[in-house]
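Structural features, examined
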Amino acid sequence: MAKKLVKSRRQFLQTTALGSAFASFSLPLIAAQKAADFTANLPESMRQAGKPFSNYGQPSPYEKDIIRWIAANQDMPGNGVSWSPLHELQGTITPNGLHYERHHNGVPDIDPATHQLLIDGLVEQPLSFSIETLKRYPQTSRICFIECGGNSNSGWRSAPIQSSAGYAHGLVSNAEWTGVPLKYLLTEAGIKPEAKWVIAEAADGASLNISIPIEKLLDDAILALYQNGERLRPENGYPMRLVLPGWEGIVNVKWLRQLRLTDTPVMSRDETAQYTDLMPDGSARQFSFIMDAKSLITSPSLGMHLSDNPGIYQVTGLAWSGRGKITRVEVSADGGESWLDAELQEPILDKAFTRFNLPWQWQGQYAVLQSRATDDSGYVQPSREALVANRGTDGFFHYNAIVSWEVTEEGDINHVYPF
């Protein structure tokens, strides 16, 4: 890199017993008015009655800019994506109205009173389930992320894209999903010995269908009816969807209508022409279901400005892995020359978002902020150089390289490649 980087280790502040460096460092504060002036100048909100009750809560109008950013096909508006604004959120749970979207032919309008799930194919007894019938089965809840296989794919480009963190890497969201463990329904139908795959089909205008190994459906798969405690939103699969913790979004089929057990995969468009990558040796990387460990600094990040120099800034972000729990997140301010462990915020859950934090003292120096995640399988998030060396430059899916934010001496932040 052309700019000179200062070794970062001493720039990060050690946390106290309270879990924060701010016990010994304070931010500039506006001096409080005298008590008499404070009581004499009551805000308008204290001078009148508030608004009445509502049947369903909505965000404050002052937060109207925190939205999903939509990128749809002009010729086919129902085909496209909308990104979750990760850079505007805190904690680990994504609100239902901000969960990312990926649609192939729009959001279908499905009447739950008539919708059925059919399980057939290599089973002893084909079965059909209504929504009301499914609600009578034992339910389970699971907090986990769902990530589109194409998330962050702009990283394969030769030049770094200049988009906010969530609008380049926000095809991933984390929620509590509640529904019926799928193994109950498959066992009830009776699985024939030759059944190795399940073809899941959606009731959308694209008739999306995808092949899933039966072992996953008998493991931790959920037929989800609820998201964060309420019934699924239409754009996220109402009235029912598959949730396969840790696996790429395409197999978490929304608007599910059929599960057909077979002995071979169906080789549909979305597992041959799509969601498959050409490798440098000419082979195809196919059925790459698991989403590998990944992390992203959401603040400070592109589009933000460091106004206080010198100043203390909380480096915070998200880490996740389809292989298990996040065990470590390291942060660097010198483009990976040196690293320091960030604090992992509880709860640390399997195949779910983990938030990390580390206080950083910025003194106007040029810096490149990075984060690097490690999961409990031992997998370490790769650098972009290592990922490209392994996978080539013809990829589109499963990009999980370290993301680099350049901080200029003026406090502006840009996306850069560190080599």
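Residues numbered from 1 in each chain as written. Predicted model: local features only at pLDDT ≥ 70, side-chain atom pairs only at ≥ 80, totals over all residues. Heavy atoms only, no water.

**Looking at the overall build of the protein chain**
Scanning the protein chain from N- to C-terminus turns up six helices and 24 strands. Its C-alpha radius of gyration of 24 Å places the protein chain within 12% of the 22 Å reference for a compact globule of 419 residues. Counting all 419 residues of the protein chain, 52% fall into the buried class. Residue pairs in contact within the protein chain that sit at least 24 positions apart in sequence constitute 73% of those at least 6 positions apart. Of the charged side chains in the protein chain, 36 are positive and 46 negative, and the gap between their average positions amounts to 2 Å. (Helix = DSSP H or I, 4+ residues; strand = E, 2+ residues; numbered from the N terminus. Rg over C-alpha atoms; globule rule 2.2 N^0.38 Å. Buried < 20%, exposed > 50% of the residue type's maximum accessible area, 1.4 Å probe, protein only. Contact = heavy atoms within 4.5 Å. Lys, Arg positive; Asp, Glu negative; His and termini not counted. Charge placed at Lys NZ, Arg CZ, Asp CG, Glu CD.)

**With respect to the sheet that holds strand β9 (residues 209-213)**
Read from one edge to the other, the open sheet built from five strands follows the order β5-β4-β13-β8-β9, with strand pairing classed as mixed. This sheet does not close on itself; its edge strands, each paired only once, are β5 (127-130) and β9. Taken over all neighbouring pairs, the strand axes of this sheet differ in orientation by 20° on average, direction set aside. Together, β4 (116-121), β5 and β13 (256-262) form the strand contacts of helix α4 (residues 182-189), whose direction differs from that of β5 by roughly 140°. (Pairing = 2+ DSSP bridges. Axes fitted to C-alpha atoms, helices over the stretch in contact; angles between N-to-C directions.)

**Some points on the sheet that holds strand β21 (residues 354-362)**
In a beta sheet, neighbouring strands pair by backbone hydrogen bonds and run either parallel or antiparallel. Taken together, the four strands give an open sheet; going across it, the order is β16-β17-β21-β20, and neighbouring strands pair in antiparallel fashion. Looking at the sheet topology across the chains shown, the edges are occupied by β16 (294-299) and β20 (343-344). Looking at chain direction, β16 and strand β17 (residues 311-320) are connected through five bridges and run antiparallel. Bridging from a neighbouring strand, Leu-296 pairs with Leu-318 of β17.

**Focus: the pairing of strand β1 (residues 69-73)**
Bridge analysis of β1 against strand β2 (residues 76-83) gives five bridges, and the strand direction is antiparallel. Bridge pairing in β2 links Ala-72 to Gly-80. Hairpin connection of β1 to β2: two residues between the antiparallel strands.

**Side note on the pattern of salt bridges**
One pass over the full model with this rule turns up 17 salt bridges. Between Arg-142 and Asp-350 there is a salt bridge, with its nearest N and O atoms 2.8 Å apart. Here the residue Arg-142 occupies a position in strand β6 (residues 140-147), and Asp-350 occupies one in the loop between β20 and β21, the gap between them amounting to 208 residues. Taking relative accessible area as the criterion, Asp-350 reaches 28% and is therefore assigned partly exposed. The salt bridge involving Arg-328 is made with Asp-341; its shortest N-O contact spans 2.7 Å. Of the two residues, Arg-328 sits in strand β18 (residues 326-332) while Asp-341 sits in strand β19 (residues 340-341), which places them 13 residues apart along the sequence. Judged by relative accessible area, Asp-341 falls into the partly exposed class, the value being 41%. Taken together, the shared-partner salt bridges connect Arg-142, Lys-216, Asp-220, Asp-350 and Lys-351 into one network. (Salt bridge = Lys/Arg side-chain N within 4 Å of Asp/Glu carboxyl O.)

**Here's the deal with the pairing of β2**
In this sheet, strand β3 (residues 101-103) lies alongside β2 in antiparallel orientation, the contact comprising three bridges. Across the sheet, residue Val-81 finds its bridge partner in β3, namely Arg-102.

**A few points about the state of the cysteines**
In a disulfide, the sulfur atoms of two cysteines are covalently bonded to one another. All told, the structure shown has zero disulfides when counted by the stated rule. In this structure Cys-144 is a free cysteine whose sulfur lies 15 Å from that of Cys-148, the closest cysteine sulfur available. Residue Cys-148 is classed as buried on the basis of its relative accessible area of 7%. (Disulfide = S-S within 2.5 Å.)

**Notes on helix α6 (residues 384-391)**
Listed in full, the buried residues belonging to α6 are Arg-384, Leu-387, Val-388 and Arg-391. Viewed along the axis of α6, the buried residues span an arc of 95°, placing them on a single side of the element. Along α6, exposed side chains directed more than 90 degrees from the buried face belong to Ala-389 and Asn-390. On its buried face, α6 is in contact with β14 (277-278) and β15 (284-285). Just past α6, the residue Gly-392 takes up positive phi, approximately 80°. (Arc of directions from axis to C-beta.)

**Section: unusual backbone geometry**
With an omega of -5°, the peptide bond between Ser-299 and Pro-300 qualifies as cis. Between Glu-346 and the following residue, Pro-347, the backbone shows a cis peptide bond with an omega angle of -5°. Looking at where Pro-347 falls in the secondary structure, it is placed in the loop between β20 and β21. In the Ramachandran plot, Tyr-275 falls in the positive-phi region, its phi being about 55° despite a non-glycine side chain. Judged by relative accessible area, Tyr-275 falls into the buried class, the value being 7%. Phi is positive for His-398, close to 55°, though the residue is something other than glycine. With respect to the element layout, His-398 can be found in the loop between α6 and β23 (404-407).

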